[in-house]
Structures are given as C-alpha cells and as structure tokens.
There are 2 protein chains.
Amino acid sequence: MQFSFRLPVATHILLCIERFKDEYKATSTFLASSVNVNPVIIRKTLGQLKAAGLVDVAAGVGGAKLTKSPEDITLWDVFQAVEEDEDLFHFQENPNPKCPVGRNIHGVLGDRLEEVRQHMLADFKKVTIADLLASIEAKEAAE
Amino acid sequence: MQFSFRLPVATHILLCIERFKDEYKATSTFLASSVNVNPVIIRKTLGQLKAAGLVDVAAGVGGAKLTKSPEDITLWDVFQAVEEDEDLFHFQENPNPKCPVGRNIHGVLGDRLEEVRQHMLADFKKVTIADLLASIEAKEAAE
DNA sequence: CTTATTGTAATCGATATCATTACAACACAA
DNA sequence: TTGTGTTGTAATGATATCGATTACAATAAG
C-alpha cells in the first residue's frame, strides 16, 4: 500500500519550473517530457498546485511560474495540495458496539495514528524545494 | 490516498485475543463478530500475524493466542506483518535522463521520503498492544 | 484569424481491496 | 471411526482508484 505518484510528480514539476525558469517556458508538454507522464496529468497537477497558491499558470499563452521563492515551499505544501486531508488508515465503519474493543478501537487507535500522521506532516515541513534543488545540483557537480 | 483496513483490523484482532483470552476462544467467527468483517478476512490476517510470529493459531480445534505479552507487541510489529515493506510513495519509473531534475529526483526526493517513513516506523514502535488495551479500559471505566 | 496552450470531461485498462462461496485438511470428542 | 467445528486457501465478483489517452472548448498573443 502506497501513496500515489502525485507528490513526487508535483515536486518534480516545481523543481523543473524553478530550475529552468530562465531557459524554457514551463508548459505542460515541456514538463511532461521531463517527468515522463502524459501532459494532461501535468495540467491536472498544475491545477492543484495553482489552487493551493503555489504556482501561477498562464492560460492561453502557456507556462507556469512559482508564486513564492523555493525556500518558502515545503513538501508539506505540496502534499496538502495534491493529497486529501484524511486519516492515514481506513477504519471499519461498524465494529460491534457490544464489544468493549469494538466500540473503542476507532477512538483509541485513531488517536495514536493521527499523532503519527502529524509527525509525518511536520517532517514534510522541514524539506523545501530549494533544499531539493541544492541536492540535485550537488549531485550533478559531484560526477 | 490511504492505507487499507489491514493495520486497524490486525490490531483489533490482537486486542480481542488478549482482552477475551480467559472468556472466549478466539475463533475467526468470534473475532469477525467484533471487527465486523468476513471471517475469511480474519483468517487471512491471522495467517499474516502468525507468519510474523505474533500469534499461534490452533488448526482444527480453533482459536488464536498471543505468543508474547502485549507489552512486547508494538504497532510496528503489526504494520510489518500486514503491509509490504516498500516506499511510501510511487516514483515514476522512467523520468527523462537528459534532464538534471529527471535523472536525480528519485535519489534526492526518495532519500527524504525514506527518512519520513523511518520516523513513522519509529513512531509505531512506541505504541504497544498493552497501551491500547489500557486506553480502552480507561475509556470503559470513564463513563 | 491563426497558433499554441490551458482546462476539463469522458473513456479505457490496470490494479488493489474486501466480500463471499466453496471445500479440503485438521483436531478432537463421542 | 465418525461427526463436529474450525482453519487454510483458492476462486470469483463488486467496487474504487489511478494513470493514460483522446477530444475539444476557452484563452491569449501575434
């Protein structure tokens, strides 16, 4: 069980926009060629990033730009933009209310799992687009 | 995007086995009536917990028992028993190798996300079946 | 008006999950 | 030995989600 491609794809998009901002217009076709997914997927994801206020997309003329500096965009922003804000795990809707375990498990286990999720979100906040771009440049320079 | 029912169901099973160990034989039918899923799901999950060494299941005569004390079983054990040990997110298989972002994103972003996953697993280790049972008893006593 | 692009809907195939039925294997008791 | 209750497992079906793809109206600029 895994999360979908969406966070990695959205992150890839933001990195490409920033990395090539002075060289290429960031159209869905251009971005699709780096990520290697269908341009429609790029447009949908770009739509989510736009709704979250992370990018501006030029209708008609084409191209996307970041609305903030890459130091100010974290994986948390990206995750919130492309994933539903929901529990980490599914819970059985109707456990047996006559069983002490059944009638309390959602509350008790759900609380613990929500804490885990909050830690995960806090971790996401520690990583910025600028960090990732710096790591990429470092790797490029290394070899 | 969420993880499946499996961790909550498996946890529910372990809690019921322990909670009712002196009152009822923990058959798949009995457990199914508390969790409210099909007994076959219980048997499959019980099979995973058995493979992970967390329970003994009596073939033929029926019933399951914990192999360790509930203080020594954590959500990490349960998670490992029922979920694949894989990346948290899918990555695009073939990003463009001619693009500096495309050829480095898996390495760079994958590393950060793996750290997040390790933190999540560490969080799971902090919660035991005994903790959860204590919380349930506390809730029961409260009202 | 032409051109390139975005935004969006619709459809398709693939995959995963859980529910359910069915049945052989098994352990124990009468 | 036979009967009963149970486990282990295979097979099937319904449902949901995801990503790929096609299609096309709306948009902006020359």
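The structure we're discussing is the one just above.
Computed from a predicted structure; not experimentally measured.

Colleague: Help me get a handle on the relation of the copies chain B and chain A, residues and values and all.
Modeller: Note on the copies: chain B fits chain A at an RMSD of 0.0 Å, the axial shift is 0.0 Å, and the rotation between them is 180°. One copy is carried onto the other by what is essentially a two-fold rotation axis. Among all residues of chain B, the one whose C-alpha sits closest to the rotation axis is M120(B), at a distance of 3.4 Å. Interface overlap between copies: 100% of the residues of chain B at the interface are likewise at the interface in chain A, consistent with a symmetric, same-surface contact.

Colleague: Residues and numbers for the protein's contact with DNA strand C, please.
Modeller: For DNA strand C, the set of nearby residues contains 24 residues, the closest of which are S28(A), R43(A), K50(A), F5(B) and N38(B). G63(A) places a polar main-chain atom, nitrogen or oxygen, 3.4 Å from a phosphate oxygen of DNA strand C. One of the backbone nitrogen or oxygen atoms of F5(B) is found 2.9 Å away from a phosphate oxygen of DNA strand C. Elements with a minimum of two residues in the surface near DNA strand C: α3 (39–51) of chain A together with α3 (39–51) of chain B.

Colleague: Can you tell me about the side chain of T74(B), naming the residues and giving the values?
Modeller: Looking at where T74(B) falls in the secondary structure, it is placed in the loop between β2 (64–66) and α4 (75–82). If we ignore the near neighbours within four places in the chain, the residues touching T74(B) are F124(B), K125(B), V127(B) and T128(B).

Colleague: Mind laying out the packing of α3(B) against α4(B), listing which residues take part and the relevant values?
Modeller: All names here are of chain B. Relative to each other, α3 and α4 sit at 115°, their axes nearing to 8 Å. By the angle between their directions, the pair α3 and α4 is classed as roughly perpendicular. Once α3 is placed against α4, the crossing between them reads as right-handed. Two secondary-structure elements touch here, α3 through T45, Q48 and L49 and α4 through V78, A81 and V82. Here the contact of α3 with α4 is composed, by residue class, of 4 nonpolar, 2 polar and no charged.

Colleague: Mind laying out the environment of A10(B), listing which residues take part and the relevant values?
Modeller: All names here are of chain B. Take A10: it is sitting in helix α1 (residues 6–19). A10 sits in the buried class, given a relative accessible area of 0%. Counting along the chain gives 68 residues from A10 to V78, while the straight-line C-alpha distance between them is 6.8 Å. If sequence neighbours within four positions are ignored, A10 has contacts with T45, L49, V78 and V82.

What counts, and at which threshold
Residues numbered from 1 in each chain as written. Chains lettered and ligands numbered in written order. Predicted model: local features only at pLDDT ≥ 70, side-chain atom pairs only at ≥ 80, totals over all residues. Heavy atoms only, no water. Least-squares fit on C-alpha atoms with pLDDT ≥ 70 in both. Contact = heavy atoms within 4.5 Å. Near = heavy atom within 4 Å. Polar contact = N/O pair within 3.5 Å; in protein donor to acceptor, adjacent residues only side chain to side chain. Helix = DSSP H or I, 4+ residues; strand = E, 2+ residues; numbered from the N terminus. Axes fitted to C-alpha atoms, helices over the stretch in contact; angles between N-to-C directions. Parallel < 35°, antiparallel > 145°, perpendicular 65-115°, else oblique. Left-handed = near helix turned anticlockwise from the far one by under 90°. Nonpolar A, V, L, I, M, F, W, Y, C, P; charged D, E, K, R; others polar. Buried < 20%, exposed > 50% of the residue type's maximum accessible area, 1.4 Å probe, protein only.

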